[in-house]
Every structure is written in structure tokens, then in C-alpha cells.
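# Summary of structural features
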Amino acid sequence: MKPARTKTPRKLLVKKGSQTSLKDPVGVYCRVRPLSLPDQECCVEVINNTTVQLHTPEGYRLNRNGDYKETQYSFKQVFGIHTTQKELFDVVANPLVEDLIHGKNGLLFTYGVTGSGKTHTMTGSPGEGGLLPRCLDMIFNSIGSFQAKRYVFKSNDRNSMDIQCEVDALLERQKREAMPNPKTPSSKRQVDPEFADMINVQEFCKAEEVDEDSVYGVFVSYIEIYNNYIYDLLEEVPFDPIKPKWNSCSTPMRNTDFVPPQSKLLREDKNHNMYVAGCTEVEVKSTEEAFEVFWRGQKKRRIANTHLNRESSRSHSVFNIKLVQAPLDADGDNVLQEKEQINISQLSLVDLAGSERTNRTKAEGNRLREAGNINQSLMTLRTCMEVLRENQMYGTNKMVPYRDSKLTHLFKNYFDGEGKVRMIVCVNPKAEDYEESLQVMRFAEVTQEVEVARPVDKAICGLTPGRRYRNQARGGPVGDEPLVTEVVLQSFPPLPSCELLDINDEQTLPRLIEALEKRHHLRQMMIDEFHKQSMTFKALLQEFDSAVVNKENYIQGKLNEKEKVISGQKLEIERLEKKNKTLEYKIEILEKTTTIYEEDKRTLQQELETQNQKLQRQFSDKRRLEARLQGMVTETTMKWEKECERRVAAKQLEMQNKLWVKDEKLKQLKAIVTEPKAEKPERPSRERDREKVTQRAVSPSPVPNAPPIRLRHRRSRSAGDRWVDHKPASNAQTETVMQPHVPHAITVSVANAKALAKCEKYMLTHQELASDGEIETKLIKGDVYKTRGGGQSVQFTDIETLKQESPTGRKRRSSTAAPAPPDGTESEWTDVETRCSVAVEMRAGSQLGPGYQHHAQPKRKKP
């Protein structure tokens, strides 16, 4: 089993500029009902008194590829399956009733899926009264002896109360009692046995610190919200015999048929509180009366039999308990006849209809439309909670969509105003309700993050407390009790009969005299006792007077000390007020200075931004100019390179022409020297000279019996090192006498890392065609270095050039087929070849260019 995944708590953000009024989060409680059958699969587990855990049922795990997930949700308190109604009431509803008696508003609603126990929690069952009867019982236990007489308070249609004097209230009572069917239930009526067990609460509960100098009145109303319409469940619709009512079958209804009430409208009073206009408010004087009114409206509430619940609530019900409080007058006898001193507090008990999926309830027709409206109103409630939480957590000011539903619009003042809001989430742990329970848990998680303004205590009036009991201590009206003289006369012995019937009667007068003497003696004893008691009482009064004088002197001394302290505190307060004014003046100056500095700062920031923009524009202009200049430089460089190449080519052509002219002159001079006869010199053709280059290599030597010429190899100065001789396969094979030769070299056609790793030197043989059409060979040499990455690199250090030239291009002769002199003497051929045989060696540090130096060697003559 995978460990349970706990919801990560969201971090609450402090809202900027929040009000100074204190706020409390919505109290969200969870109650888990027991399973209907012991063998049903359970998907909810109570971890502790604040946490529940949801398990994915077996069927859902199979549908979701075996994904087993456990999610935990936290509440203010969790009530398990063994929780009694009394325990739930003491924790959840008792504080709300305490606030109601002290003039504060409250809202309690139950939320959950169909069949989760919402109505049982709110109303109860026989023998187990729910929250509603227990709230009524606690209210009347607290104010039972302080209730005003009926009709002293009279409700109006403006969500307020009017107050009547005792005479008007008496006339109103006589008028209502004379009616044949009074709307107000009588306290003398016997309790209906249908709900007698629900209101028979064994535990006595009473609020503390009830204001004894006020009178109270309790008014109840009962409404339902059905298909987003508000109906008054206590409204008595009179039957009009002239206009018969028509039912859904287009037939007249009988006199005994129920006529549905008209929908009501929501209004806003002068205190911006929402109320139902024209709603019936019934004044009740006991728990039995109040619950009888509730039960009368409960019979009109819309319920239906669905696939999930036999008696499913098809509407949201709201039972309002309005407590009216007014102070007694200064004598403590009658109610103060000032409407402004009336304080009205309200406790709303809401039983929400269950959220459900239509494919599970098998709803059709009206049931389907009812389910859609129920889900829509609950969705609006969830949306309002989410927007409220977002506004409070992140400081946003989004509009809360209260008006999208009558349910949220009615309780708008609780969330935007002040009051205490509590919600009981009822959960059915059976596996079939898993998905609905998951949505309920998510809504509860959002709701308990919403904060509501804490209600404040309201002072009713400034009259002296204890007025009621002080009037009772005075004895009340005089005529209610016997006089003191009557009590004293009754203590004397009775007088005998004084009638004389016979002149000789000697018994009547002595008995009368004896009785009078006894009375006189008793009177004298009472006078003496009275004098004694009066003296004792006088002594006590004197002692009391002296004690009072001493107390007055002591109190006067204390008052003098207190006055001195008060005068000193007043001086200190005046000093602090002056200091406060000085500091306020300084703060004002600093605020003005700060404002000036902030304006300067904004001005400087604007200037800085302007300068930055200007610099950016200049920088961009500079870059464009640099790019333009770079293009111009590149274009000019290419232009001059082409111009230099053109000039060099022209100069080379000019030098070749000059050289040809000199060759022609030499040819003419040779013809004059060798032949006496003057012949016209013929201009040699360069193509013909190139064809005869090969003939020079195979022609016989002008020197007879000369030893064979041995091929000479040009050795490198670094012959002692190991070389890589790189000769590409595209090079042509030359038959020159001087050939590049490096001993101990590795000859390759393509450079590779294996050969470079074995050698220290590198030589590349490169051939190219010179400007005169001859092959020019370059030997490019370099050193081999090892790199950090394990490879090799070559750094070139020297270049040697071997160039082959045709001697026929530089000698002057009269004929290309002139024979050699027979006497074996050296001819001009030798002189021309001597002049043309030039060896070129490249050497670093030459004055002719980078890496070039020329050495001319004449050919060896015949000894």
C-alpha cells in the first residue's frame, strides 16, 4: 500500500491595505454518518478529531488502471459515527446562540450529497432532536423570564421592528384572540405528538450573562428556495371561491386542494442587509410554539422519492430565528418607547439540498430540472467562495457573483458584512458516493480559507443597570400587600361580646374590662419593645452614619488622590498631545519633502531614460556607420588589390617585352659574330623553345669525352630529424638534376595523425604553374607539436622554391639548327647556359622577402 498523500497547505498571503477589523475564518466541521448496511464498502476513514482520509474504492481502482490514492482533508473538528446530537450542538451551534442573545448574527448550514444526513443533523429524529430544536430550547431557557408580552414588538415589511405600548399590545391581543383561526399558535395548546419527541430535550442549556434590564421577543420565519425561486412556507393562501384554481391537468382544483404560494422577491434594507420582502414572521413564546410553526412549514417543503433517497429534499430551506431586544425605561417597569434602541439579531439555519448526479438518481422530467437547479445553485456558492478566498489571499478585487443565485444573494451580507458563519459537511462513507464526497471535500477546503468580519458588541442604551430588580426590591405597588397596621391589629386578642341583654348581667363588662386591660398591657409591652428596638436601631443608625462618614472621608481622600493623578495624567496627555502635534507637523513636512524628492526622482528618472534612449540611438548610429565604413574599406581594398594585380601583370608584360628585345639584339650580335654573311634574324618562337626543352636534356654535351653527370640531391639542413614527406598524388614527375631528398622520411600522399605522431618535422611538396608557363615546385616545411587534446599540430617555418626554366628563352642564336664547332671549343651555347643556370635556395632572413635568398653558381667548365 502506498503512503497517504496529504494535501499541501496553501501559504496565505497578507493582503495589502487590509482593514483594521478582525476577521475569523469560516468554521467548517465534518460529520460522518454510519453505513446503512454493515457489509457495505467504506471509502472514508476518520484519522483523528480534525482529519479524515478518503480511499479510492475497489471498482474505481480497476477503472483507473489500479491507481490507489489516499487523500487527507483537515477540518476544525471531525465528528465520527458515534457522535450524539448533544455533542455536535455544544461544539457548533451553542456559540452561535450565545452570540444571538448578545445581539450578533450567525449563519449555520449543512452541506453534502443526497442521503448524507443533512436533514437529520438539522432537524433530528424522534428521541434525538437536531440542532434546530436545541437552539430554540436554549434561547427560551435563557430569556424565558425576560420576554415581552405578545405584540409589544410588531414586525414590518422593511426588515425592522416597531414597538407598541402596553395598551396597544393588549388591544392587539384581544383582536387576535377574537379571530376564528388565529395564525399565532397558543402556548396553552397541547403539543403535537408527531414531533413531541424531537423537542423533548433532556439536557438543560442556557446562555450566560443575559441582559436583565431588557425585554426580548422571538420571531421565526421559514422559506425555501426551489428552482431558484423563493417561497414562504408559513404563508396562508386564502381560497377564493369566485376564481377557481387550475392544476397541471387544466381542471379546477377542489376546495381542499393545496394552492402553491407565490414566489417572493429579495430586497435590501437601510443597513444594506438582504431580506425576503413580504415574508411571514410569527412571534413565538416557547420552544413548542416555535417548533410547531417550523413543522407546519416543513409539511409544505418539496421532497421527492429518488433512486438515492426515499425522501430527498428538492429545495434549500432557511429557518430564520430573529431575536428582538429593547431596554426597560429608567423605572424598570415598562419597555423604553424608542425605536432607535431596538437591537435585532438573526440566526439562519440552512438545510441545503443534496448535490447529486442525474445518472445515479435516475431523475426524469421535473426531477431532472430540479437536480439541475440544485447543482447550479451549489456551483454558484462554490464560485463565490473561491472568488472571496482569492480576493482575501492575493489582494485582488474581483466581483463576487452573488446575484447568480438566490441562495448566495440572500446571504451576501454575512460574507461582505459581519457575523459568524459555520458549515457542517455531512459525509456518507459508502463507496458509491466517493466522487461526490471528493467534490464536497474540495469545496470544504476552499470554504475554510474564507474569512468573515468578526461581529462587535453593541451597547443598547446608557441607562443605569439593575433597574428591573431594583423596582422589585421596592415592593412594587402598595395595594398588592397588607398594611403594617392590619398585621399589628391582627396580633391583639379578640374582644368579647359587648351586648347587654339583662340588667343584672355582671359578666359581660368584667370580661370586656379584662380584655381591654390585656390589650393595654400588650400595647404597653409593644411600646416598650418598640422603644428598645428604636433605640437599638438609632444606635445602629448612628454607627452606620459614622461608618458612612468615615467611608465618605476615605473615599474623598481617595478621590482627591485620584484627582491629583488624573490632573497629572491630563498634564501628561496635554504634553503628549503637543508632542503629537509637533510630530504630526514634522511628519507633514517630511511627507511634503518626500513628495518633492519623489517628483525630483521621477524627473531624473525620465531624464535618465531620455539620455539612455539618446545613447542607444547614438550607439546604433555608430554601429551602422562602422558597418558602412567597414564595407567601404573592404570594397576599397578589393579595388586596390585588383588594381595592383593589373599593374603587376602590366609590368611583367613590359619586362618580358624588354627581355625579348634584348634577346633579339643578342641574336643579331651572335649572327654577326659567327657568320660573315648578313642574314635576317628570325624571331624565335616561345612555343618552339618549349618543344626543345626535352632536346636539351638528351643532346650531347658540347665537351667531348666528359664523364657522365651524377644526379645531385638537395639535402635539407635538418636532415638529422625524422620527417614526414607529404607528396600529393597529383604532383608531376620532373626530370631535373636537383631533386628534394630527405633521408629517414615517411613518405605519404595524404597527411594522417599516425605518421605525424612518429616524426618531428613536416614537409609538403607543392607544384604550381608559373607565369611563364614553367612548373614551379615549393617545399613547405614546418615543426610538429603535440596538442593538449592528444593530437598533433604543424607550425610552418620555411618555404623552398625549385623552378625549372628553359635556356632557349634566354640565349641569342642565329639558327635553331646551328651545329657545334668541330674544334671542340666552347661556344655561345655554353655562355648562355652559364648565364641561365641559376640555383634558387630559400632561406630565412633573406633581404628579398620572407624566407627567400638567391645563390648563383656558374657551371663547371671543362678542365
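Please refer to the structure higher up on the page.
A few points on the structure. Every value quoted in this text rests on a predicted model; they were computed, and no experiment measured them.

## Topic: the sheet that holds strand 30 (residues 775–786)
- Read from one edge to the other, the open sheet built from five strands follows the order 28-26-29-30-31, with strand pairing classed as mixed. Here the strands that pair on one side only, and so sit at the sheet edges, are strand 28 (745–748) and strand 31 (792–803). Put simply, the sheet's adjacent strands are angled 25° from each other on average, direction ignored.

## Comments concerning the packing of aromatic side chains
- By the definition in use, this model includes nine aromatic pairs.
- With centroids separated by 4.6 Å and ring planes inclined at 45°, the aromatic side chains of Tyr111 and Phe443 adopt a geometry described as tilted. Placement of Tyr111 in strand 8 (residues 106–112) and of Phe443 in helix 12 (residues 434–447) is noted, with a sequence separation of 332 residues between them. Of the two residues, Tyr111 and Phe443, neither departs from the other in class, the shared state being buried.
- With a centroid separation of 5.2 Å and 50° between ring planes, the pair formed by Phe291 and Phe294 is classed as tilted. Of the two residues, Phe291 and Phe294 both sit in helix 7 (residues 287–298), three residues apart, roughly one turn of that helix. Across the pair, Phe294 and Phe291 agree in class, each one buried.
- Each residue in the set Tyr222, Phe291, Phe294, Trp295 and Phe319 is aromatic and connected to the rest through ring pairs, giving one cluster.

## Details of the pairing of strand 8
- Counting buried residues along strand 8, seven of its seven residues qualify, which places the element largely inside the surrounding structure.
- Judged by which residues are buried, strand 8 turns out to be covered on both faces: Gly106, Leu108, Thr110 and Gly112 on one side and Leu107, Phe109 and Tyr111 on the other are all buried.
- Across five bridges, the pairing between strand 8 and strand 22 (residues 343–351) is parallel. Bridged to Leu107 within strand 22 is Ser348.
- As judged from the seven bridges shared by strand 8 and strand 23 (residues 420–427), these two strands associate in the parallel manner.

## Observations regarding unusual backbone geometry
- At Asn159, a residue that is not glycine, the phi angle is positive and equals roughly 60°.
- Turning to its location among the elements, Asn159 is positioned in the loop between strand 11 (153–155) and strand 12 (161–163).
- Positive phi is not limited to glycine here, since Glu209 has a value of about 55°.
- By the element assignment, Glu209 lies in the loop between helix 6 (196–199) and strand 13 (214–226).
- For Glu209, a relative accessible area of 72% puts it in the exposed group.

Procedures and definitions
Residues numbered from 1 in each chain as written. Predicted model: local features only at pLDDT ≥ 70, side-chain atom pairs only at ≥ 80, totals over all residues. Heavy atoms only, no water. Pairing = 2+ DSSP bridges. Helix = DSSP H or I, 4+ residues; strand = E, 2+ residues; numbered from the N terminus. Axes fitted to C-alpha atoms, helices over the stretch in contact; angles between N-to-C directions. Phe/Tyr/Trp six-rings, centres within 6.5 Å; stacked < 30°, edge-to-face > 60°. Buried < 20%, exposed > 50% of the residue type's maximum accessible area, 1.4 Å probe, protein only.

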